[in-house]
Amino acid sequence: MTEINVETLQRMFAAIANAMAKEKDRLCELDGVIGDADHGIAMELGFSAASKAVAALEAGSNEPSAVFNTAAKAFLNAVGASSGPLYATAFMRAGAAVKGKGVLSDDDLVEAFIAMAKGIQDRGKAELGEKTMIDAWIPAAQACHAARAAGAGWSECLGAALQAATKGAEDTKAMVATKGRSSRLGERSIGHMDPGAASAVVLIGAMAEYFEG
Ligand code: ADP
Ligand code: MG
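On a predicted model such as this, the values are computed, not experimentally measured, just so you know. (Residues numbered from 1 in each chain as written. Chains lettered and ligands numbered in written order. Predicted model: local features only at pLDDT ≥ 70, side-chain atom pairs only at ≥ 80, totals over all residues. Heavy atoms only, no water.)

Engineer: Help me out: how do you make sense of the coordination of the magnesium ion (ligand 2) in this one?
Structural biologist: For a metal bound by four donors in tetrahedral geometry, the ideal donor-metal-donor angle is 109.5 degrees, whereas six donors in octahedral geometry ideally sit at 90 or 180 degrees. The coordination sphere of the magnesium ion (ligand 2) contains the protein donors Asp31 (OD), Asp36 (OD) and Asp38 (OD), at a distance range of 2.0 to 2.2 Å. All donors of the magnesium ion (ligand 2) come from a single chain, and their spacing in sequence reads D-x4-D-x1-D. (Donors = N, O, S within 2.8 Å, 3.2 Å for Na, K, Ca; no water.)

Engineer: Looking at this structure, how should I read the state of the cysteines?
Structural biologist: Two cysteines form a disulfide when their sulfur atoms are joined by a covalent bond. A complete count under the given rule lists zero disulfides for this structure. Take Cys157: it sits in no disulfide, and the sulfur closest to it among the cysteines is that of Cys144, at 4.9 Å. (Disulfide = S-S within 2.5 Å.)

Engineer: Would you explain helix α3 (residues 64–78) in this entry?
Structural biologist: One turn of the α-helix equals 3.6 residues, which is why residues spaced by three or four share an orientation. For α3, which comprises 15 residues, the first-to-last C-alpha distance of 22 Å matches the rise-based estimate of 21 Å (1.5 Å per residue) to within 8%. Every buried residue belonging to α3 is among Pro64, Ser65, Ala66, Val67, Phe68, Thr70, Ala71, Ala72, Ala74 and Phe75, and all of these are buried. (Helix = DSSP H or I, 4+ residues; strand = E, 2+ residues; numbered from the N terminus. Expected span 1.5 Å × (residues − 1). Buried < 20%, exposed > 50% of the residue type's maximum accessible area, 1.4 Å probe, protein only.)

Engineer: For this particular structure, what's the right way to read the environment of Val79?
Structural biologist: Mapped onto the elements, Val79 comes out in the loop between α3 and α4 (83–97). The spacing of Val79 and Ile41 is 38 residues in sequence and 8.9 Å in space, taken between C-alpha atoms. Ignoring sequence-local partners within four residues, the contact set of Val79 consists of Ala42, Gly46 and Gly84. (Contact = heavy atoms within 4.5 Å.)

Engineer: What is the right way to read helix α2 (residues 39–55) from this model?
Structural biologist: A rise of 1.5 Å per residue sets the reference length of α2, with its 17 residues, at 24 Å; its end C-alpha atoms lie 24 Å apart and thus fit the reference within 8%. Three or more residues of α2 are buried, namely His39, Gly40, Ala42, Met43, Gly46, Phe47, Ala50, Ser51 and Val54. All buried residues of α2 project into a common sector of 160° when viewed along the axis, lining one side. Facing away from the buried surface of α2 by more than 90 degrees, the exposed residues are Lys52 and Ala55. Where α2 is buried, its residues contact α1 (6–34), α3, α4 and α8 (195–212). (Arc of directions from axis to C-beta.)

Engineer: How do you make sense of the packing of α4 against helix α5 (residues 106–124) when you look at a structure like this?
Structural biologist: The relative placement of two packed helices is expressed as an angle between their axes plus a distance between the axes. Direction vectors running N to C along α4 and α5 enclose 140°, while the axes themselves pass 7 Å from each other. It follows from the interaxial angle that α4 and α5 lie oblique. Crossing hand, α4 versus α5: right-handed. Note on element contacts: α5 touches α4 through Glu111, Ala112, Ala115, Met116, Lys118, Gly119, Ile120, Asp122, Arg123 and Gly124, opposite Pro85, Leu86, Tyr87, Thr89, Ala90, Phe91, Arg93, Ala94 and Ala97. (Axes fitted to C-alpha atoms, helices over the stretch in contact; angles between N-to-C directions. Parallel < 35°, antiparallel > 145°, perpendicular 65-115°, else oblique. Left-handed = near helix turned anticlockwise from the far one by under 90°.)

Engineer: Would you explain the pattern of salt bridges in this entry?
Structural biologist: For side chains of opposite charge, pairing can occur when their charged atoms come near one another. Going through the model one piece at a time under the given rule, you end up with 10 salt bridges. As a salt-bridge pair, Asp36 and Arg181 come within 3.0 Å of each other at their nearest N and O atoms. Of this pair, Asp36 sits in the loop between α1 and α2 while Arg181 sits in the loop between α7 (154–171) and α8, and the two are 145 residues apart along the sequence. Of the residues examined, Asp36 reaches a relative accessible area of 33% and is grouped as partly exposed. Of the charged contacts in the structure, one is a salt bridge between Lys179 and Glu130, with a shortest N-O distance of 3.2 Å. Of the two residues, Lys179 sits in the loop between α7 and α8 while Glu130 sits in the loop between α5 and α6 (134–149), which places them 49 residues apart along the sequence. By relative accessible area, which is 28% here, Lys179 ends up partly exposed. Residue classification places Glu130 among the buried positions, given a relative accessible area of 16%. (Salt bridge = Lys/Arg side-chain N within 4 Å of Asp/Glu carboxyl O.)

Read these as geometric descriptors, not functional statements.
Shown next, in the form of structure tokens:
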């Protein structure tokens, strides 16, 4: 049984920021093909700001929900691109899902993860098949939930989520973009992976790796 506290989450955000910095150029390249080439910059900026802000929290006098709420505010302030409010909403929802808890159990973490995906969808109003990060996040949340229902622990749930997100991102190549900036390309967006779906895989992958260790 997992018990996650403020310090674990602070280190998780540092691990995600690290992964985004490594993948920044690839994410910008993907966005360069069907968008405006800034997605890697946005995600790197957002997670480095979020990671710094949560690291400044006093672990002893805050609860896990404060980590997510702090990350949300920092992400929103740092990112002007459309991914800014989407991830800010995701983290706000994760914070709300675990509000009042001192340590997080496997069930809490799975709930927070599902709340993130739902937050992105509520905020951006994208449906599956519209070639956005939703095509990675929704299958990931479903796989995470299904794994937990089958008795898997948090780390294993994240492994299932990563597998589903990876497939979801791959599937965006065949889709026509109908939401966000890349929708202007219409059919010409076919054949290219959505950058937001790709960065969702980076994020979930960093979480999976972090909790495996
Ligand atoms: P911008 O398009 O403003 O430059 P980014 O480059 O940071 O923002 O992010 C682009 C990504 O945002 C897209 O690849 C897509 O996955 C995601 N996205 C855009 N609009 C939406 C939406 N309404 N719902 C979900 N995801 C979206
Ligand atoms: Mg962009």
